[in-house]
Amino acid sequence: MKRICVFCGSKPGKRPEYLEAARDLGSAMLERGYGLVYGGASVGLMSVIADTVLEGDGEVIGVIPETLQQREVAHTGLTELHVVETMHERKALMASRSDAFIGMPGGYGTFEELFEVITWAQLGIHAKPVGLLNVEGYYDAFMALVDRAVEEDFIPVSHRGLVVIDATPEGLLAKLEAFELPDLGRKWAEKKDI
C-alpha cells in the first residue's frame, strides 16, 4: 500500500477521542510511510488528519467538489488539491488514487462513501481493503446492521469479510496490510431463489 483514503466527518464530533483518533491515525500512517487521500476540506476531523500528515512531511491529496471549494472549506496547504465538478467525480478520483480505505467517525457522507467502496469490492470493481476505525465503539451499530443483513441472507456470509474493524489505528493498519480478499462466490440472486 502506498496511499490510504480516509473518510471522516467534516465536523469534529462531540468527543475529544475523535480528534485524538484522527491525530493518531495520521501519525500511524506517517510511521508506516502511507500518504493520505481525503475529501480536501479544512474543517472537522478531515482537517485534523490532513494537518497531522502534513506536519510530518507526508503526502496529502485532497479531492473537493467546486461547490464546496467556493464555500471556502478547501484546505489550501495540501500536496495536491483536485477540484472536481461532482461528488461522483470526487469519489471516483479518491478511489483511483488509493490502495485502501478507512472509515473514521462521520455522518451521512462518510456512511455513503463507505457503503459505496464496500459495494465496489463486492462487485469486483476493486480488490482493495476497507477498514473501520471503531473509536469509542462508533461503528458497533454499523456492523450490527451488516451482521443483521448477513443473518437475513441479504449479504452472503463470505462478503462480511470485505470489512475489517479495529479500535486502534495501529491494529487497523495491520489488518489492512494483512487483508486477503474473501472468496466472494456467487453474488447474484437467481430466479430459483425467488
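Overview of the structure. (Residues numbered from 1 in each chain as written. Predicted model: local features only at pLDDT ≥ 70, side-chain atom pairs only at ≥ 80, totals over all residues. Heavy atoms only, no water.)

**Points about the pattern of salt bridges**
Link 1 in the chain: Enumeration over the complete set of coordinates arrives at nine salt bridges.
Link 2 in the chain: Between Arg3 and Glu59 there is a salt bridge, with the nearest N and O atoms lying 2.7 Å from each other. One end of the pair, Arg3, is in strand S1 (residues 3-7); the other, Glu59, is in the loop between helix H2 (44-55) and strand S3 (60-65), with 56 residues separating them in the sequence.
Link 3 in the chain: The class of Glu59 is partly exposed, set by a relative accessible area of 24%.
Link 4 in the chain: Between Asp166 and Lys175 there is a salt bridge whose closest N-O contact spans 3.1 Å.
Link 5 in the chain: Its relative accessible area of 36% is what places Lys175 among the partly exposed residues.
Link 6 in the chain: In this structure, a network of salt bridges that share partners links the residues Lys91, Glu112 and Glu116. (Salt bridge = Lys/Arg side-chain N within 4 Å of Asp/Glu carboxyl O. Helix = DSSP H or I, 4+ residues; strand = E, 2+ residues; numbered from the N terminus. Buried < 20%, exposed > 50% of the residue type's maximum accessible area, 1.4 Å probe, protein only.)

**Overview of the pairing of S1**
Link 1 in the chain: Within S1, five of the five residues are buried, which leaves the element mostly enclosed by the surrounding structure.
Link 2 in the chain: Of the two faces of S1, both are covered, the one formed by Arg3, Cys5 and Phe7 as well as the one formed by Ile4 and Val6.
Link 3 in the chain: Where S1 lies against strand S2 (residues 35-38), three bridges are found, and the strand directions are parallel. Looking at the pairing, Cys5 lines up with Val37 of S2. (Pairing = 2+ DSSP bridges.)

**Regarding the side chain of Ser47**
Link 1 in the chain: Along the chain, the position of Ser47 falls in helix H2.
Link 2 in the chain: By relative accessible area, Ser47 is classed as buried at 12%.
Link 3 in the chain: Filtering out sequence-adjacent residues up to four positions away, Ser47 remains in contact with Ala41, Ser42 and His75. (Contact = heavy atoms within 4.5 Å.)

**As for H2**
Link 1 in the chain: For H2, which comprises twelve residues, the first-to-last C-alpha distance of 17 Å matches the rise-based estimate of 16 Å (1.5 Å per residue) to within 8%.
Link 2 in the chain: Along H2, nine of the twelve residues are buried, which leaves the element largely enclosed by surrounding structure.
Link 3 in the chain: The elements touched by buried residues of H2 are S1, helix H1 (16-32), S2, S3 and helix H4 (87-96).
Link 4 in the chain: A positive backbone phi angle near 60° is found at Asp57, which sits one or two residues after H2. (Expected span 1.5 Å × (residues − 1).)

**Looking at the packing of aromatic side chains**
Link 1 in the chain: If you walk through the whole model with that rule in mind, you get six aromatic pairs.
Link 2 in the chain: Taking the centre distance of 5.9 Å and the plane angle of 80° together, the rings of Tyr18 and Tyr138 count as edge-to-face. Pair noted here: Tyr18 is in helix H1 and Tyr138 is in the loop between strand S6 (130-133) and helix H6 (140-151), with a separation of 120 residues, a long-range link.
Link 3 in the chain: Judged by relative accessible area, which is 9%, Tyr18 ranks as buried.
Link 4 in the chain: Take Tyr138: its relative accessible area is 28%, and that puts it in the partly exposed class.
Link 5 in the chain: Taking 5.2 Å as the distance between ring centres and 85° as the angle between the ring planes, the aromatic pair formed by Tyr138 and Tyr139 counts as edge-to-face.
Link 6 in the chain: Grouped by ring-pair contacts, the aromatic residues Tyr18, Phe111, Phe115, Tyr138, Tyr139 and Phe142 constitute a single cluster. (Phe/Tyr/Trp six-rings, centres within 6.5 Å; stacked < 30°, edge-to-face > 60°.)

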